[in-house]
Structures are given as C-alpha cells and as structure tokens.
Amino acid sequence: MTTAGAAPASRPAGPDARPVALVYGDIDLNLIDGSAVWLQSVVQALALAGCAVTLVLKAPVRTSRLLGPLLTADGVTVCQPQAEGLVPGAGPPGGVLGGRGPERAPRGLTPAQASAVLTALDERRRYDLIVLRGWRVVSRVTADGSFDGRIWAYLTDIPQSVPDLSDQRAAELGRVAEASAFLLCQTEELRSFLTGSIPAAAGKCVLLPPIVPPREEAGGPDPARPPDGRREGPLRLVYTGKFAPRWNTYEMTQLPGLLASRGVPAEVHLVGDKIHDDPADPGYAARMRAALGTPGEPRGGGVSWHGGQSRQRAMAIAAGCDIGLSWRHPSMDASLELSTKVLEFGLLGLPVILNRTAMHEDLLGADYPLFAATLADVADVAARAVADPAAARLAAARTSAAASRFTLDAAAGRLRGYLARAFPRPAVPARPGGGPLRVVVAGHDLKFFGYLMEYFRRVPGLEVRVDQWAGLGQHDPGSSAELARWADVVICEWCGPNAVWYSRHKRRGSRLLVRLHRFELSSGYANLVNIKAIDQVVCVSRHYARLSRQRTGWPAGKVTAIPNALDTDQLDRPKLPGARFNLGLVGIVPSRKRLDLALDVLAELRRQDDRYQLFIKSAMPWEHWWVWRKAAERDSYTEALRRIQRSPLLRDAVVFDEAGPDVPGWLRRVGFVLSTSDDESFHVAPAEGMASRAVPVVRHWPGAETTYQQEWIHRTPAEMAEAIADLPEDAWAAAGRRAREQAVAGFGLGPVRASWLELLTSDLPPAVPDPLYELLGTP
C-alpha cells in the first residue's frame, strides 16, 4: 500500500514519462468535511490526468472511509509518516495500519513536521510538483524553501476581501506566490481577488473548482423518488459536512419544529462527525452534540444524525431525501468559495436551500426559487417547495445542470492543461559535445519576454541564464563577457545597447538573436549593431519588420516577425454583467496613445446611450519623468482631464484604474478594447482584449492591418463609435468569440513558443563576428 520507504527514483525520461506529484493537505482524513473530500478528489483527478501521485497523510489512519478508494487507485501511493517512522522526534512507528490502536494514535503532523517529512521524501525521489492545501503548511513549506518553483498551492483559509487583507498577510501571500508554480483557485472570484491584490500572483492563478464524483459512483437520483420530486411521508431535509456556527448546523436542527408549525411534517438528516470547538462560543460544541443526539438513533423531534460516513454512503443518504441544505450565516455571503455539497446535491437531483449571493446567482440564476436568508426564510422556502412542486422541480433542474460542469473528468482535463504548461513535451537535441543547449537572455526590461523565458526554462534540453542589465545601457561587462563565452544562443530583448554590445562580443559558433520592438528604430541603436554577427532580428509585427529593413538596409533574410505571446488561457474569463457597455483603454502614456480620441469615441456613444463608460488602466503621465518634463505632453493631458471634468457627456463616465499585472481580471468588465494610438509596433492591449472575448476597436494606425484583421480596424473615432453601437448583445458575443479564436491562433503561447523554439535550433545561415570587432576585444 505504501512505498514511501523505497529507494530513490528519478523521473523517467522520454515522451511518455509521468510527472510525479507529492500531495499534502493540513487535513485529517479520518474526519469527513469538504476539505477532506477535496483531498480525496484532487488525488483522483491528478492520477486521472496522468500523474503518479504520492499522498502524504497528516494523521494516522483510524478509518478508511475516504482513504479506501485511493488504496486501490492506479498510480496512487499512500504514505503514512507516523507508521513509517518518518516524523522527526515522534517515537517508534505506529498507526492503525502499522500496528498501533486508535486510542494510542499520535496527533496529526504540525506544519514544521509536515515540511520535514515532505523534504525527506523529496530527497529520496525528486517530485515534479508539490500540491499543498492549508495556509499554515503552505507558509511553512515556503519559508523552508525546499520546493520553490514546484509548489501548487490551494488556499481557502486566507483573507478574501481587501479590508481583511493586512499588509503583513499580503506580503506573506506574495512570498507564497513567488515560490509557487501555480496558485489553485476554487472560483473565478478568488482568482480575481488574488491577482488584483497580490502582484506576484498574476499569471500563476489557475482555476481548480470543486469536484463531484462521476454520476455512476454517486448513484444519481433515488429511483424511488416520483417524477414530481416528492415521495410520501414527511419532508426530508439533508445536510452533510462539518458542524460549525457559521454553517448554521445548530439552527438546522430546529427546522422540523418550525415546519410542523407551518403544517408540514418534516425530518432533518445530518451526516458528519467533525464538530468545531469555537473559542468565541465555548458552549457551541456541547450544544451541537446535544442537538444531534446519538449517531444512528433518531433523537426525536425529527432530527436524525447519521454520524461520519464514506462519501458514497453520505451521498446515498442524501439521495433518499427531498431537499439539500447549504444555508449559512450572512457573514459568509462574501466568501469566494463554492460549496461542494451544493454540487453533490445537484448531482443527486436534489434542490438546495442556500443564501442569495452573486456567486450563487451566477451558478443557479437570479430567479432560483430556493434562496433564503434567515431560519424563518428556510422554513418558509421549504414549505413553499412542498406546496409548489413546479418550483422544486425547477430548483432541482438548476442544481443538476450546475453539477454537470464540475465532474472529475473536467477537473482532470484542467489539470492535464496545467501539467502540459508546467512540463512541455518538446525536447531540444543535445548540443554538439553533449549537454543542454545553453541560452542567455539579455536586457534591461524583460516583462514582454516573461512567458517565453518561463517556457525555455521548462523545455527539456535547454539551460537558461539571464544577463539582467541595470538600465538601458548599464551592465556588468565582466559578467556579460562570461555569459557570451558560455552561451550557445544569446537572445537580446530590445535592440538597444545590449544588442550593440553582444554583436561586438559574440563567440564564434554561437547564435545571436535580437528582438526589436519599436523605439529602437528611432533611437538610432539599430544602426549601431554589427548586423554581420546577428543571426536573426525578430520584430513583433510584419509592419516593423518591413520598416526595419527599409531604415537600416539589413538583409531581408535576417529580419523576421513573431508576435508577442499572450497567455490566452489566463485571459479567458467570464464577462461581468453589463460588460457590453464598457470600453477599455490600457495605457495612455505617452500622448501618442491619444486619450483624446478615446474620449471622442465615448462622447459619440453617450449621445445615443448613456450606459457606455470608459475604463482606463494606466499609470498617470506624471509618474513618468521623461514624459512629464515635456510641455506638449503636459498640455495634452491637462486638456483631456479638464474635458472629462467639464463635459456633460463625459462627466462620471470615465474610470481610472491603477496600472498592474491584473489585466485578465480587469478585462472581465470590458466589452470593447480601444486602440486609438498614432503609432504602435504591435499594441498588446487589443490582443489581450480579444483573448478575453472583448471586441477590439482599432484606429488605423500605420501597420495595424499586419497585426489585426481588417474587420476590427476603423479610420475615425466616429467610425469606431458606430462599429460599437451597431453590435447588439448577440452580435457582440459572437464577435467576441470570433476575436478570441483569432487571438489564440495568432498570439497564443503555443504557436509563438513553437516559432521561437525553431529559431533556437533550426539551421540558420551562420552569422560570424566581423574580424574588426574581434580585434577590438571579442572574448
């Protein structure tokens, strides 16, 4: 059952290698609640996604109710640290499966012990990913530093609102994000909160929603339930999970009496064995136990407590009931988590009584008939469901449809995508003489190259180092010279002083690639490079590739175009209500971005419909000294801001948001992304908008048609406004889908990465240093 003590093993090589995952949750699997069910489900989903999984248990096994399905699962190994003597200072091995009775079972691992156990296991067999749940253990493992870059952290016990997020906790979350490969978020709301509050989380937050078992495993709806959803006898309400004050479980035991007073005979069935001790209410646990009675014995008053059960048995009990309960204290209405129990009840064909929240309305519809706020509401809604079977059937249909989106197969599919991103399959052939191909990325500003650099670091057969320049022309010549001698390939991000230096200090036999954006052509740096030493100049658009050849006289074969890469998966998020009337503008500095023309578009639209608004995500011009020192720039912004204040059409219709990496979350509110610039080399903002299913509205700046399809390009602000106004809801949604398809095909990570990988390894005509430059000091 457990191979944790086996000899060290390395990850198998080759295209069919399985990633090896180490999974630990700060969760006692002997007690059944939502977190324990999650741990079981995520292990199953990882195995189904193709991982070899080692699950490390927090506590010795006293019951196999949740563990049983994992013991026989293909690709799953269960490690019992106490039984296997892996816990520092814990005494001799023990545990139920190791020979010690439950009455003598040691307590669960502390975070420090868990971190030590995980590190010891990793020393025996290096794991590719470490999936962790629970703030205490995630923060400790992060602090210990053994797994940086391999952590997949799932966090729910963290602040989930800005007022609750202290500076200290934000800094701690930032350190966790920096150490993690992924932050697994249960809901889109939590992902948006984290990326908007923790800059280091941007690009790392991915969705892993609740997981429900396959319908055949759950058993599905009770076949004895008649078509109208109710069987003869008392109304049966059911709750499964932990017993805690904010889960309103004590109040649920009062429902049979309240419903009796409304003329409805009723029973409430409760499943679970985890009763919280609440420091704020010391008498809660005793009061809850008294209300529950004895497991398996009806207490009287319509309350039946079934105690702890396996997941399958708990669902079988629920299937024999009429209505599920997931009603909680109002303090949880702002939670960014979605209850797995709601989905499990839906899987069984049960309607569910729950709080009205934005998340629940999005899941089940604003007109869902079984929302409730108070205990009296719950009783009223339950009675109404009895009196109106059609409402109960509608609620059941909604919960059932919602559950169908959260299957184990869907979770495994998501995880396969994350695994493919974390462990790319393409392998680079060994360099002449053996060993990985050695790549240096050099530049002062690498933000546009981040996705590619992350990819290169993960591709088997590549070794990547960075020559980080302190400024546009500031670097350590000795360090750069050492890297130039070491590298097989040097990539200069920006055709600036870095490209000039490397073109004059290129090692014969190495390859030099230079990426040119825009400003380099007008700055003169392009004319200073030694083009003979450069193997390929990569421009971000076909227009600038043409301009580069024209203005420099470089050989046509040395200049190519590869667009900027976008993480189109991160950008694909559901739009918020009303997004169709929101315009977005990302970046208004310098003035050639033409904020004034964006205001023209907005004013034209608002003459016909005052629902249109403009959201601007940008640093302000005075934050850039090189812009604000110019009188013409200052005058341009002064006039635009004065116009926003004074124009009746624009007043209260323009919102400024801070610049930051949380663009995917910000774009949820945006239906149209504007590009009103005088000149751009590529302009990432419309492409990001397209990937988010916003419709791009692009002014015809020079070369726009070489990056974007003609249908999105317009000559004047009036034409741009007309194109927006002409799209009703259905047409706007269809245009957004079409735009996303174009973005994925043109700018997605897959095709852009493939183009760059080919540049690193293909047979380009060799470029060699000019002998004159070699005489001047080439290493």
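Nothing here was measured: the structure is a model prediction, and the numbers come from that model.

Caption draft 1: Highlighting the overall build of the chain. For the chain, the helix and strand inventory stands at 31 helices and 24 strands. Its C-alpha radius of gyration of 30 Å places the chain within 12% of the 28 Å reference for a compact globule of 779 residues. Over its C-alpha atoms, taken along the principal directions, the chain stretches across nearly 95 × 70 × 45 Å. Residue pairs in contact within the chain that sit at least 24 positions apart in sequence constitute 71% of those at least 6 positions apart. When the accessible area of the chain is evaluated, it comes to approximately 31700 Å², of which 52% is carbon and sulfur surface. Computing the positive centroid from 90 side-chain charges and the negative centroid from 84, the chain places the two 3 Å apart.

Caption draft 2: Representation of unusual backbone geometry within the structure. In the segment running from valine 589 into proline 590, the intervening peptide bond is cis, with an omega of 0 degrees. On the secondary structure map, proline 590 appears in the loop between β19 (582-586) and α23 (595-606). Positive phi is not limited to glycine here, since arginine 594 has a value of about 60 degrees. Mapping arginine 594 onto the fold places it in the loop between β19 and α23. Phi at aspartate 652 takes a positive value of approximately 65 degrees, unusual for a residue other than glycine. Of note, aspartate 652 is situated in the loop between α25 (631-646) and β21 (654-657).

Caption draft 3: Molecular detail of the pattern of salt bridges. Evaluation of the coordinates by the stated rule reveals 40 salt bridges. The salt bridge involving glutamate 729 is made with arginine 580; its shortest N-O contact spans 2.9 Å. One end of the pair, glutamate 729, is in helix α29 (residues 729-747); the other, arginine 580, is in the loop between α22 (568-571) and β19, and 149 residues separate them in sequence. Arginine 580 sits in the buried class, given a relative accessible area of 14%.

Caption draft 4: Structural detail: the environment of isoleucine 323. Mapped onto the fold, isoleucine 323 is located in strand β11 (residues 323-326). Isoleucine 323 sits in the buried class, given a relative accessible area of 3%. Measuring from C-alpha to C-alpha, the distance between isoleucine 323 and glycine 349 comes to 9.3 Å, with 26 residues separating the pair along the chain. Once residues lying within four places of it in the same chain are set aside, the contact partners of isoleucine 323 are Leu235, Arg236, Leu237, Val238, Leu350, Pro351, Ile353, Ala382 and Ala385.

Caption draft 5: Spotlight on the sheet that holds strand β23 (residues 695-699). In spatial order, the strands read β21-β20-β19-β22-β23-β24; together these six strands make up an open sheet with parallel pairing. Since the sheet does not close on itself, it has two edges, and those belong to β21 and β24 (713-714), each with one partner. As defined by bridge partners, β23 adjoins β24 across two bridges and the pair is classed as parallel. Residue pairing across strands places valine 698 opposite isoleucine 713, the latter belonging to β24.

Caption draft 6: Looking closely at the packing of helix α27 (residues 684-691) against α29. The interhelical angle for the contact between α27 and α29, taken along N-to-C directions, is 120 degrees, at an axis separation of 7 Å. As judged from the angle between their axes, α27 and α29 are oblique. In the crossing of α27 with α29, the sense of the turn from one axis to the other is left-handed. Of α29, the residues touching α27 (which contributes Ala687, Met690 and Ala691) are Gly736, Ala739, Arg740, Gln742, Ala743 and Phe747. When grouped by side-chain class, the residues that make up the contact of α27 with α29 number six nonpolar, two polar and one charged.

Caption draft 7: Region of the structure containing the packing of aromatic side chains. Counted by the stated rule, this structure contains 18 aromatic pairs. Every member of this aromatic cluster is reached through a ring pair, and the members are Phe448, Trp494, Phe519 and Tyr525. The positively charged end of arginine 133 is found above the aromatic ring belonging to tryptophan 38, 5.1 Å away from the centroid. Above the plane of the ring of tryptophan 486 lies arginine 465, whose end atom (NZ or CZ) is 4.0 Å from the centre.

Caption draft 8: Layout of the confidence of the model for the chain. Here the chain averages 90 in pLDDT, and 92% of its residues register 70 or above. The model gives residues 1-15 a pLDDT under 50, and that stretch makes 35 contacts with residues more than four places away or in other chains. Between residues 93-106, whose pLDDT stays under 50, and residues either more than four places distant or in other chains, the model counts 23 contacts.

Caption draft 9: Quick look at the nonpolar core. Core analysis: the biggest nonpolar cluster contains 84 residues, and Val23, Leu55, Leu129 and Trp152 have the highest contact counts within it. By residue number, the principal contributor to this core is helix α1 (residues 34-48), which donates nine residues. When near neighbours in sequence (up to four residues on either side) are disregarded, tryptophan 152 contacts Leu129, Ile130, Val131, Leu132, Ala181, Phe182, Leu184, Leu415, Tyr418, Leu419 and Ala422. Within the second largest apolar cluster, 59 residues are counted, among which are Phe345, Tyr368, Leu370 and Ala403.

Caption draft 10: Structural context of the pairing of strand β13 (residues 437-443). With respect to burial, β13 is a largely interior element, six of its seven residues being buried. Two elements, β13 and strand β14 (residues 462-468), share seven bridges in a ladder whose sense is parallel. Paired with valine 439 across the strands is valine 464, a residue of β14. Of the crossover connections in this fold, the one passing from β13 over helix α17 (residues 450-458) to the parallel β14 is right-handed. For β13 and strand β15 (residues 489-493), the ladder comprises four bridges, and the chain directions are parallel. For valine 440, the partnering residue across the bridge sits in β15 and is valine 490.

Caption draft 11: Layout of the side chain of threonine 399. Mapped onto the elements, threonine 399 comes out in helix α15 (residues 389-403). A polar atom in the side chain of threonine 399 sits 2.8 Å from the backbone oxygen of leucine 350. Apart from residues no more than four positions distant in its own chain, threonine 399 is found in contact with Gly346, Leu350, Pro351, Val352, Leu364 and Tyr368.

Caption draft 12: Spatial organisation of helix α3 (residues 111-124). With 14 residues, α3 extends 20 Å from end C-alpha to end C-alpha; this agrees with the ideal 20 Å at 1.5 Å per step. Residues of α3 that are buried: Pro111, Ala114, Ser115, Val117, Leu118, Thr119, Leu121 and Asp122. Against the buried residues of α3 lie β1 (20-25), β2 (52-56), β3 (76-79), β4 (129-133) and α4 (135-144).

Caption draft 13: How the structure looks around the environment of arginine 642. Tracing the sequence through the fold places arginine 642 in helix α25. A residue is classified by how much of its surface remains accessible, and arginine 642, at 33% relative accessible area, is partly exposed. Put simply, arginine 642 and alanine 116 are 526 residues apart on the chain and 61 Å apart in space, counted from C-alpha to C-alpha.

Caption draft 14: Just the environment of arginine 507, in detail. Following the sequence through the fold, arginine 507 ends up in the loop between α19 (497-504) and β16 (511-516). The exposure class of arginine 507 is partly exposed, given its relative accessible area of 23%. Placed 26 residues apart in sequence, arginine 507 and alanine 533 show a C-alpha to C-alpha distance of 9.4 Å. Apart from the residues within four sequence positions on either side, arginine 507 is in contact with Ala484, Arg485, Ala487 and Asp488. Side-chain polar atoms of arginine 507 contact the backbone oxygen of alanine 487, separated by 2.5 Å.

Caption draft 15: Representation of the packing of α1 against helix α16 (residues 408-422). The contact between α1 and α16 brings their axes to 8 Å, and the two run at 60 degrees. It follows from the interaxial angle that α1 and α16 lie oblique. Note on packing geometry: the crossing formed by α1 with α16 is right-handed. In this structure, α1 uses Ser41, Gln44, Ala45, Leu46 and Leu48 to contact α16, whose residues at the interface are Leu408, Asp409, Ala411, Ala412, Leu415 and Arg416. Classifying every residue of the contact of α1 with α16 gives seven nonpolar, two polar and two charged.

Criteria and cut-off values
- Residues numbered from 1 in each chain as written.
- Predicted model: local features only at pLDDT ≥ 70, side-chain atom pairs only at ≥ 80, totals over all residues.
- Heavy atoms only, no water.
- Helix = DSSP H or I, 4+ residues; strand = E, 2+ residues; numbered from the N terminus.
- Rg over C-alpha atoms; globule rule 2.2 N^0.38 Å.
- Contact = heavy atoms within 4.5 Å.
- Areas by Shrake-Rupley, 256 points an atom, 1.4 Å probe, with all protein chains shown as cover.
- Lys, Arg positive; Asp, Glu negative; His and termini not counted.
- Charge placed at Lys NZ, Arg CZ, Asp CG, Glu CD.
- Salt bridge = Lys/Arg side-chain N within 4 Å of Asp/Glu carboxyl O.
- Buried < 20%, exposed > 50% of the residue type's maximum accessible area, 1.4 Å probe, protein only.
- Pairing = 2+ DSSP bridges.
- Axes fitted to C-alpha atoms, helices over the stretch in contact; angles between N-to-C directions.
- Parallel < 35°, antiparallel > 145°, perpendicular 65-115°, else oblique.
- Left-handed = near helix turned anticlockwise from the far one by under 90°.
- Nonpolar A, V, L, I, M, F, W, Y, C, P; charged D, E, K, R; others polar.
- Phe/Tyr/Trp six-rings, centres within 6.5 Å; stacked < 30°, edge-to-face > 60°.
- Lys NZ or Arg CZ within 6 Å of the ring centre and 35° of its normal.
- pLDDT = per-residue confidence, 0-100.
- Core = buried A, V, L, I, M, F, W, Y, C linked by side-chain atoms within 4.5 Å.
- Right-handed = clockwise from strand over helix to strand, strands pointing away.
- Polar contact = N/O pair within 3.5 Å; in protein donor to acceptor, adjacent residues only side chain to side chain.
- Expected span 1.5 Å × (residues − 1).

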